[in-house]
Amino acid sequence: MTAAIIVGLLAAGGTYLVLQRGIVRIALGFVLLGHAATTLLMAAGGVARRDVPFAGGSGAMADPLPQAFGLTAIVISFGVTAFLLTLAFRSRDALGHDDVEDRSIPEDRVVGPDHDRRLGAHPRDHLPMTSRDRP
Amino acid sequence: MSQLLILPFALPLVAAALCVLWREHRAAQRALTYTSLGVVIAIGLGLVRVTRDGGAIATDIGSWPGGLAIIYAVDGFAALLLVTTASVAAIGLAFAIGRGEDRHPLFLALVNVLLAGVFGSLTTADLFNLFVSYEVMLIASYVLLTLRGGRRQTRAGAIYLAVNLLASTVFLLGTALLYGVVGTVGFGELAGVAASDPRAAIGAGVVVVAVAVKAGVVPMHGWLPRAYVECGPAVAALFSGLLTKVGVYTLFRLYSVVFAGDPDWRPMLLLAAGVTMVVGVIGAIGRGDIRGILAFHMVSQVGYLILPLGLWTTAAVTAGLVYLLQYLAVKAALFMAAGAVETLTATGSLARLGGMVHTRPMLAVAFLLPALALAGVPPTSGFVGKFLLILAAFEAGAYLLGAIAVIVSFFTLLSMIKIWNGVFWGEPTPEVTHEHTEGPVGLAVPTGTLRPSSPPTSPLVARGRAAELIAPALSIGVAAVLVGLAAPALIDLVAPAADALLAPDAYLEAVTSA
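Residues numbered from 1 in each chain as written. Chains lettered and ligands numbered in written order. Predicted model: local features only at pLDDT ≥ 70, side-chain atom pairs only at ≥ 80, totals over all residues.

Trainee: Explain the overall build of chain B to me, please; I cannot follow it from the model alone.
Mentor: Secondary structure assignment for chain B yields 22 helices and 2 strands. Here the C-alpha atoms of chain B give a radius of gyration of 22 Å, agreeing with the 24 Å that 2.2 N^0.38 yields for 514 residues. For chain B, the spread of C-alpha atoms along the principal axes amounts to about 65 × 55 × 40 Å. In chain B, which comprises 514 residues, the proportion classed as buried is 67%. A sequence separation of at least 24 residues applies to 80% of the contacts in chain B between residues at least 6 apart. (Helix = DSSP H or I, 4+ residues; strand = E, 2+ residues; numbered from the N terminus. Rg over C-alpha atoms; globule rule 2.2 N^0.38 Å. Buried ≥ 20, exposed ≤ 12 C-beta atoms within 10 Å, placed from the backbone. Contact = placed C-beta atoms within 7 Å.)

Trainee: Explain unusual backbone geometry here, please?
Mentor: A negative phi angle characterises most non-glycine residues, just as the trans form characterises most peptide bonds. All names here are of chain B. Cis rather than trans, the peptide bond between Val218 and Pro219 has omega equal to 10 degrees. On the secondary structure map, Pro219 appears in the loop between α9 (198-215) and α10 (223-228). The residue Ala260 is not glycine, and still its phi comes out positive at about 50 degrees. Along the chain, Ala260 falls in the loop between α11 (233-257) and α12 (266-285). Of the residues examined, Ala260 has 17 C-beta atoms within 10 Å and is grouped as partly exposed. Positive phi values are uncommon outside glycine, yet Ala346 reaches one of about 65 degrees. Structurally, Ala346 is set in the loop between α14 (314-345) and α15 (356-359).

Trainee: Hey, could you run me through the packing of helix α2 (residues 23-44) of chain A against helix α6 (residues 151-182) of chain B in this one?
Mentor: Angle between the axes and distance between the axes are the two parameters that describe a pair of packed helices. As a packed pair, α2 of chain A and α6 of chain B sit with axes 8 Å apart at the nearest point and diverge in direction by 10 degrees. Accordingly, the angle class assigned to the pair α2 of chain A and α6 of chain B is roughly parallel. For the pair α2 of chain A and α6 of chain B, contact is made by Ile23, Ile26, Phe30, Leu33, Gly34, Ala37, Leu40, Leu41 and Ala44 of chain A and by Ala158, Ala162, Leu165, Thr169, Leu172, Leu173, Ala176, Leu177, Tyr179 and Gly180 of chain B, respectively. Here the contact of α2 of chain A with α6 of chain B is built from residues that sort into 16 nonpolar, 3 polar and no charged. (Axes fitted to C-alpha atoms, helices over the stretch in contact; angles between N-to-C directions. Parallel < 35°, antiparallel > 145°, perpendicular 65-115°, else oblique. Nonpolar A, V, L, I, M, F, W, Y, C, P; charged D, E, K, R; others polar.)

Trainee: What should I look at first to understand the pairing of strand β2 (residues 70-75) of chain B in this one?
Mentor: Side-chain positions along a regular strand alternate between the two faces of the sheet. Residue and element names in this part refer to chain B. Counting buried positions along β2 yields 5 of 6 residues, so the element is predominantly enclosed. Where strand β1 (residues 56-61) lies against β2, 6 bridges are found, and the strand directions are antiparallel. Pairing of Ala58 across the sheet is with Ala73, part of β2. (Pairing = 2+ DSSP bridges.)

Trainee: How do you make sense of helix α4 (residues 107-123) of chain B when you look at a structure like this?
Mentor: Because each turn of an α-helix spans 3.6 residues, side chains separated by three or four positions end up pointing in the same direction. Helix length check: α4 of chain B (17 residues) gives 24 Å between terminal C-alpha atoms against 24 Å at 1.5 Å per residue, within 8%. A large share of α4 of chain B lies buried, amounting to 17 of its 17 residues. (Expected span 1.5 Å × (residues − 1).)

Trainee: Whenever I open this one, the nonpolar core confuses me. Can you help?
Mentor: In globular proteins that are soluble, nonpolar side chains generally tend to be buried together. All names here are of chain B. In terms of nonpolar packing, the biggest core is built from 237 residues, with Ala73, Leu251, Ile306, Ala337 and Leu389 touching the most fellow members. Residue contributions to this core peak at 22 residues, all from α14. Excluding its chain neighbours within four sequence positions, the residues that come into contact with Ala73 are Ala56, Ile57, Ala58, Ala125, Tyr507, Ala510, Val511 and Ala514. (Core = buried A, V, L, I, M, F, W, Y, C linked by C-beta atoms within 7 Å.)

Trainee: How do you make sense of the confidence of the model for chain B when you look at a structure like this?
Mentor: If pLDDT is low for a region, its predicted coordinates should not be looked at in detail. When pLDDT is averaged across chain B, the result is 88; 94% of the residues are at 70 or more. Predicted confidence for residues 438-463 of chain B stays below pLDDT 50, and this span has 58 contacts to residues more than four positions away or in other chains. (pLDDT = per-residue confidence, 0-100.)

Trainee: What am I meant to see in the confidence of the model for chain A here?
Mentor: This prediction gives chain A a mean pLDDT of 73; 61% of its residues lie at or above 70. For chain A, the element scoring lowest by mean pLDDT is helix α4 (residues 113-120) of chain A, at 40; helix α1 (residues 2-18) of chain A scores highest, at 93.

Trainee: Where do I start with helix α3 (residues 64-95) of chain A in this structure?
Mentor: Taking 1.5 Å of rise per residue, the 32 residues of α3 of chain A would be expected to cover 46 Å, and the 46 Å separating its terminal C-alpha atoms lies within 8% of that figure. In the segment just after α3 of chain A, Gly96 of chain A is the residue with positive phi, at about 90 degrees.

Trainee: Can you help me understand the packing of helix α3 (residues 76-99) of chain B against α4 of chain B in this one?
Mentor: All names here are of chain B. Between α3 and α4, whose axes approach to 10 Å, the crossing angle comes to 165 degrees. Considering the angle they form, α3 stands roughly antiparallel to α4. Like other packed secondary-structure pairs, α3 and α4 cross with a definite hand, here right-handed. Between α3 and α4, the contacting residues are Ala78, Leu81, Leu82, Thr85, Ala89 and Leu93 on the first element and Val111, Leu115, Val118, Phe119, Leu122 and Thr123 on the second. In terms of residue class, the contact of α3 with α4 is built from 10 nonpolar, 2 polar and no charged. (Left-handed = near helix turned anticlockwise from the far one by under 90°.)

Trainee: In this structure, what is going on with the environment of Arg21 of chain A? I would like to understand it.
Mentor: Relative to the helices and strands, Arg21 of chain A is located in the loop between α1 and α2. In this structure, the C-alpha to C-alpha distance between Arg21 of chain A and Asp99 of chain A, residues 78 residues apart in sequence, is 5.4 Å.

Here's what the structure looks like:
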């Protein structure tokens, strides 16, 4: 019951934040949603289904599978959150803000290399990727 | 043989790691990528041979006891898709290299990660491992999409990332719900649970919604046309051949195994297929750029691809597989032709193009053949797939869906003619006559240039380089015609795989006994 309430609160908060316009808020929303999913995975575990995984073990064991799932999910969501924040940083750098509903960029204009070239003139677009790449 | 099943997932990951190490040696990166792809294609062909009579093959990783091991399994459907996706990826990479899009030192490493995710999704027989493979694939795609680093890419990347991240979270929630009910995530134990247990059906349904987002099924399609017009042309070709098709594959797999072809779901699937076909094709009418039209047609074609799920007869699934296998290559070829036009003329806007049939006749052919295949005009492969599919729909009594499929085909042809008229016919426009022979090709903004002293872009050497841009699309176009002419052989090859999907006994036995 506690887990269900926690999942509900996290999902509600996460959904609210994901529906915001700034990328940073969206990133925070996904952090909350990720926690909701992990908590749900934990709540889905049960030990009655199979024997203790290691021979010779005894006593009450936690279900190991959801923990492995949860760990994997946490690592993945951590990596993606890092990328999302990098994108927010990049967005501030290229656009001046992190609003995903920016109307100042025309929607249905030409695409292709000419567009790159126009943008390519902007010195800030040449962001070095690592310290090693820096001139 | 079964131990080799891990290689399609593992090899590209190893290649990706080595590509990062050797990021200053582009020739080594290319050789490495093509070697790993070649091995995967060879393994895929071997698997097609092993599974050609409807059999399946499986292996478990780590030899954990029942329900704990991660199982990799391949049946005819997965083997055929493995070969097709790997081949299309090889051709798409040739286009990327011809365009110089791999100038970014991490491009090939990222493509390898993407391929690992795709092949992993095709071969895994474990729901959670499927989630992980999806994430591997998507993380690479996030970076590839925003690699150009411009303002529009950043914005499109934010939308693409947010939608797919939400879908991934929903996928995870569905997996957790399913695990809570069944206590395992292996396909062997999940067989038919959604048909017998309503609680499991809720969990599986949540997973299906998440996969439908990634497949681009209406109403979860909005991200697709926004993302595919913004990434590099070669990246768009790779994405179109790989990403959404993996979603479609997963839908087939889930419906075959977890839902055991439960007929109660078919009306909903038919509805989704019909709405997807119509909405996609209507969206394409409003677009005035090549890639925008192609991207909306991609949504529309997903409707055709999931139509067999709603019919679920032998004829329909056979037709669906034929359609999927050829469509995957054809769509990538169309994006490559569009990319070649954009590279040569520096625009993708129909209003600013015209008369390219005079300046680039081979490019016109390279666009025309896959375009006819997409619309389903004989004697191309698209005609075979569409004809069989529509026939199967009428045979199964789905007259409305069959009629919609026919009408949408006409609109598809209309859109292809619109592109043809806009780009290739008429008087040559200034953009066409003055090709950017000295302009930058590929990544105009190589954000990670290794040697800042070297110029960030290289000039396109007039005629010789143009062949590299046109040849990949042309080869697929010719192949589409050849496959169309040799259709009975393809149908014979695909029919056992379709039977194995309808009655996945061999697959389940291989999975449970692995």
